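One-letter residues, chain by chain:
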Amino acid sequence: MQQFQTSSSVLHFRASELDPARKTVVFINSLGSDFRIWDGVVAAMGGRFNVVLHDKAGHGLSSGRLGPSTIAGFAGDLEALLAHLDLSQVYLCGISVGGLIAQSLYHQRPDLVRGMILSNTGLKIGNAEMWGTRIAAIEGGGIASISEAILERWFAPEFRSGKPTELALYKNMLERTSQDGYLACCEAIRDADFTKQAAQIAVPVLCIAGEHDGSTPPALVQNMAEQIPNAKYELISGAAHLPCIEYPEHYTKLVSNFIDQN
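Scoring rules and cut-offs
- Residues numbered from 1 in each chain as written.
- Predicted model: local features only at pLDDT ≥ 70, side-chain atom pairs only at ≥ 80, totals over all residues.
- Heavy atoms only, no water.
- Pairing = 2+ DSSP bridges.
- Helix = DSSP H or I, 4+ residues; strand = E, 2+ residues; numbered from the N terminus.
- Right-handed = clockwise from strand over helix to strand, strands pointing away.
- Contact = heavy atoms within 4.5 Å.
- Axes fitted to C-alpha atoms, helices over the stretch in contact; angles between N-to-C directions.
- Salt bridge = Lys/Arg side-chain N within 4 Å of Asp/Glu carboxyl O.
- Buried < 20%, exposed > 50% of the residue type's maximum accessible area, 1.4 Å probe, protein only.
- Arc of directions from axis to C-beta.
- Parallel < 35°, antiparallel > 145°, perpendicular 65-115°, else oblique.
- Left-handed = near helix turned anticlockwise from the far one by under 90°.
- Nonpolar A, V, L, I, M, F, W, Y, C, P; charged D, E, K, R; others polar.
- Polar contact = N/O pair within 3.5 Å; in protein donor to acceptor, adjacent residues only side chain to side chain.

Asks: Can you tell me about the pairing of strand β8 (residues 232–236), naming the residues and giving the values?
Replies: Strand direction decides the pairing type here: strand β7 (residues 205–210) and β8, joined by five bridges, are parallel. Following the sheet pairing, G210 is matched in β8 by I236. Traced from β7 through helix α9 (residues 218–227) to β8, the parallel crossover comes out right-handed.

This is the structure we're talking about:
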């Protein structure tokens, strides 16, 4: 087990043997998940790239952050981890809130970033009323009280009906997330908006959407791609919010081709 102490939390991470001859991709998880959501993608990559995974603060085995959580704070934790691993010029692959964290890290430290895959995310996700409703529901009944609704956004109907055992495991992952960590991340997402900074992004960007994504719909992702100079947009048919789980081979092909070409 690999761990790293930042100024505000203890991060659980996993880094492959880092070969300077290979490009490095850093994966950043969604809300309510840990880095196991990338297992199928990492396996499909077959060791072609250096891989860094981590559980953001308040998720998985990582501790919660001291003080209020912000997207900039999560990005600062990742910046510290990259310094610990002596890494720069990495490709950031962030899904959902992970895409917000990737954007934040780029704006804070563009020298660390060679390219970004912004998956199932946006320049801003949701609004204050939506996040306030979710926060209130969890404070009243816990994550389990709304987990079924979240899973319906995470996965398309075909996955939910066709893979009940896997679905049960991802439900466990979601419901076992620290409630404090989940709520802190909700507040961070609520307050994040990178719309004004989008035009400043000067590295290659791939924007990936899922056809049936109810959390970050294709139109939101496509709008983000249109705001970022020279960004490319890809839609994964049949997928919902977590195509890295639903279609790992297709997802890996998109990510790998993007990294190879940039």
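Asks: Can you break down the side chain of H12 residue by residue, with the values?
Replies: Along the polypeptide, H12 turns up in strand β2 (residues 10–15). Here H12 is in contact with M1, Q2, F35, H54, D55, L61 and S62, once residues within four sequence places are set aside.

Asks: I'd like to hear about the sheet that holds β7, residue by residue, with values.
Replies: For sheets, the rule is that strands pair by backbone hydrogen bonds, running either parallel or antiparallel. Strand order in the open sheet made by the eight strands is β1-β2-β4-β3-β5-β6-β7-β8, with mixed pairing throughout. Each edge of the sheet is formed by a strand with only one pairing partner; in this case those strands are β1 (2–5) and β8. Ignoring which end each strand starts from, the neighbouring axes of this sheet average 25° apart. One ladder, built from four bridges, connects β2 with strand β4 (residues 50–55); its direction is antiparallel. Paired with H12 across the two strands is D55, which belongs to β4. Lying over the sheet, helix α2 (residues 71–84) contacts β1, β2, β3 (24–28), β4 and β5 (90–95), oriented at roughly 50° with respect to β2. Together, β6 (113–119), β7 and β8 form the strand contacts of α9, whose direction differs from that of β7 by roughly 170°.

Asks: Give a description of the pairing of β2 that names residues and reports values.
Replies: Put simply, side chains in a regular strand alternate between the two faces of the sheet. As paired strands, β1 and β2 are joined by four bridges and run antiparallel to one another. Within β2, the position partnered with F4 by the bridge is L11. The hairpin formed by β1 and β2 contains four residues between the paired strands.

Asks: Got a sec to walk through the pattern of salt bridges? Specific residues and values, please.
Replies: Any two side chains of opposite charge can pair, given that their charged atoms come close. According to the stated counting rule, one finds seven salt bridges in the structure shown. A salt bridge links E79 to R109; the shortest N-O distance between them is 2.8 Å. Taken together, the residues E79 in helix α2 and R109 in the loop between α3 (97–108) and β6 connect sequence positions 30 residues apart. In the salt-bridge network here, residues are joined through shared partners; they are E79, R109 and D111.

Asks: Pulling in residues and values, what's your account of helix α5 (residues 147–154)?
Replies: For α5, the set of buried residues is S147, I150, L151 and W154. Each buried residue of α5 lies within a common arc of 100° when the element is viewed along its axis, so the set occupies one face. Here the buried face of α5 lies against α6 (157–162), α7 (164–175), α8 (179–190) and α10 (243–246).

Asks: Requested: an account of the packing of α2 against α3, with residues and values cited.
Replies: Where α2 contacts α3, the axes come no closer than 8 Å and their chain directions differ by 70°. Relative to α3, the element α2 lies roughly perpendicular. Here the hand of the crossing between α2 and α3 comes out right-handed. Residue-level inspection shows I71, A72, F74, A75, G76, L78, E79 and L82 of α2 in contact with α3, the latter providing V97, L100, I101, S104, L105 and Q108. Partitioning the contact of α2 with α3 into residue classes produces 10 nonpolar, three polar and one charged.

Asks: Before we move on, can you summarise the packing of α5 against α7 with the specific residues and values?
Replies: The geometry of α5 relative to α7 is characterised by a closest axis approach of 10 Å and an angle of 120° between their N-to-C directions. Taken together, α5 and α7 sit at an angle that is classed as oblique. Taken as a pair, α5 and α7 cross one another with a handedness that is right-handed. On the side of α5, the interface is formed by S147, E148, I150, L151 and W154, while α7 contributes L167, Y170, K171, L174 and E175.

Asks: Can you tell me about the environment of D19, naming the residues and giving the values?
Replies: Inspection of the secondary structure puts D19 in the loop between β2 and β3. With a relative accessible area of 29%, D19 lands in the partly exposed category. Taking the C-alpha atoms as reference points, D19 and T121, 102 residues apart in sequence, are found 30 Å from one another. One polar contact links the side chain of D19 to the main-chain amide nitrogen of A21, over a distance of 2.9 Å.

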